[in-house]
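# Results of the structural survey
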Amino acid sequence: MHQHCSRQIFVRSCPSFSPVKKTPLLRSVFGFLFVVFLGLTASVAQAQTQTVVQKYGQLRVQGNRIVDQTGTAVQLRGMSLYWSQWIPKYYSYNTLKWLRDDWKITVVRAAVGINGTTDGYLVNPTAEKNKVFAVVDAAISLGIYVIIDWHDHTASDHRSQAQAFFAEMAQKYGNTPNVLYEVWNEPLAVSWSGVIKPYHQALVSTIRQYDADNIIICGTKTWSQDVDEAAADPVSGTNIAYTLHFYANTHKQFLRDKATTALNRGAALFVTEYGTTDASGNGTVNAGETATWWAFLDANKISHANWSVADISESSAALNAGASENGGWTLSQIKQSGQLVRTECIAKAPDLSTTTPPPTGGTTPANGTFKIVGRASGKALDANGNGTADGTQIIQWTYGGGNNQRWTLLNRGSNQYSIIGVASGKALDVSGSSTTNGAKVQLWTYGGGNNQKWTFAATTSGYYRVTPVHATGGCLEVTGNSTANGALVEFWTYSGGTGQQWAFSAP
Ligand code: MG
């Protein structure tokens, strides 16, 4: 998008906090309600809400699909922010929170404006970078995915700056599952093999020095339309997807055909930007063609982010002038395009409900994300050092809410569960399918082995024995019933010890 707008003042929004002073009467009312609440949780499996990042976890590319931590194809839907240097006001926590809670978006895109003689990243790198940090930090705290977009048409002219930028981003955010890197928004009509692909290859090398796994989305020739050409000569590396952009009143079946060719050649695609309008970002909102596109994207599990969260006059902008950076937008403050996209995101929002484990007497926890706490120590199952590599040792540590202490359970059939680390996307695994007491328990890429599947048997007081399927006499144990931080978690023959029992609760 090439649209310019007047510079606006960036006001950093700070959510206010006003504690409620409780009177004794109120306290007793709250106390009564609390008792009722406890009664409910004891009698039914309480519905909970998780974030989309808790649900999907670490994303990766598998064939021509983007898949979640369980290997299931996923589709994200959301919004792109506008050029950061021109409409910075929506680069805010409160905007993202409103988009998450009211529009039900699962991904947001920070479009870092690069090129310019008087503004943009090349002129004001610190100011633009701080906007990225604000958006990414907000997305992490809100549990949604975020695309860091080098919003540039001639990025090969700024390769060293892009490498330095993404090196910093990968070091800062590479250990979070929230972040995707988009390293060149829309290359122009320059050579894929001679210019665009070599640029991507260099950026992939840079990012992979610091982040082994988060998805890198590569722009394609002709404003990110020639995905078929990119798929025929792909960028080397893992977890790489290609950018497809469309504007529905301009780009129709011919571009969907290109996308189909790319998919058939094995490329995973991500629509990091699309408009319901003309390619100019203005003109007619074409609701019918947009619906045709959404149906195509749904059929192929392609994620999308709409251009744009802006309150300027162009028809692709979602908002009318003056819509607050704090959200709370009424329908009259949302333009035709924004209303269409909001309705689509709400209609197809993923189910984020989950359930807590059943109380005493239950047999298996439900699917969902949990902290897992040892009975002897009260300490949490933890991937040592926030490690994410295959072979990372599992230990116990005081629960601090880290994603290396959150685990997603998924029933793989017959109540045999994988236990996947939220930070790593990797499975709890008994090394080498060992049946020897003291065998290492570690993170490993999930492959479906019986040493990566677990069953649960209730013991007493809400605790569970956790047993690997490959060794039904064994269990997950804290070495020597230790209560120390850092004590190893390992495989051991089950004897009913308190170091062999675990509680599951909402993280
Ligand atoms: Mg990573």
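Our subject is the structure that appears above.
Residues numbered from 1 in each chain as written. Predicted model: local features only at pLDDT ≥ 70, side-chain atom pairs only at ≥ 80, totals over all residues. Heavy atoms only, no water.

### Some remarks on the sheet that holds strand β6 (residues 145–151)
- Pairing in this closed barrel of eight strands is parallel, and the strands run β4-β5-β6-β7-β8-β9-β10-β11 around the ring. Sheet twist, expressed as the average angle between the axes of neighbouring strands with direction ignored, equals 30 degrees.
- Taken together, the four bridges between β6 and strand β7 (residues 179–182) define a ladder with parallel strand orientation. Considered in β7, the bridge of V146 is made with V179. (Pairing = 2+ DSSP bridges. Helix = DSSP H or I, 4+ residues; strand = E, 2+ residues; numbered from the N terminus. Axes fitted to C-alpha atoms, helices over the stretch in contact; angles between N-to-C directions.)

### Points about the layout of surface pockets
- Estimated volume of the largest pocket: approximately 370 Å³.
- Contributing to the lining of the largest pocket are 23 residues, with Q58, D213, T388, S424 and K426 lying nearest its centre.
- For the lining of the largest pocket, the class distribution of residues is seven nonpolar, 12 polar and four charged. (1 Å grid on protein atoms, 1.4 Å probe; cavity = no way out; pocket = protein on both sides within 12 Å on 5 of 7 lines; lining within 4 Å. Points joined across faces, edges and corners; volume = space filled by probe spheres on them. Nonpolar A, V, L, I, M, F, W, Y, C, P; charged D, E, K, R; others polar.)

### Here we look at the packing of helix α10 (residues 287–299) against helix α11 (residues 336–347)
- At their nearest, the axes of α10 and α11 sit 12 Å apart, and the two run at 30 degrees to each other. The orientation of α10 with respect to α11, classified from their angle, is roughly parallel. As for how α10 packs across α11, the hand of that crossing is right-handed. On the side of α10, the interface is formed by A287, W294 and D298, while α11 contributes L340, V341 and E344.
- By residue class, the composition of the contact of α10 with α11 is four nonpolar, no polar and two charged. (Parallel < 35°, antiparallel > 145°, perpendicular 65-115°, else oblique. Left-handed = near helix turned anticlockwise from the far one by under 90°. Contact = heavy atoms within 4.5 Å.)

### Quick word on the packing of aromatic side chains
- Applying the stated criterion across every chain, the model contains 21 aromatic pairs.
- Geometrically, the ring pair formed by W83 and W86 is tilted, given 5.0 Å between the ring centres and 55 degrees between the ring planes.
- Residue classification places W83 among the buried residues on the basis of a relative accessible area of 6%.
- A ring pair is formed by F456 and F504, whose centres lie 5.2 Å apart and whose planes are at 85 degrees; its orientation type is edge-to-face. (Phe/Tyr/Trp six-rings, centres within 6.5 Å; stacked < 30°, edge-to-face > 60°. Buried < 20%, exposed > 50% of the residue type's maximum accessible area, 1.4 Å probe, protein only.)

In short, shape yes, function no, at least from these values alone.
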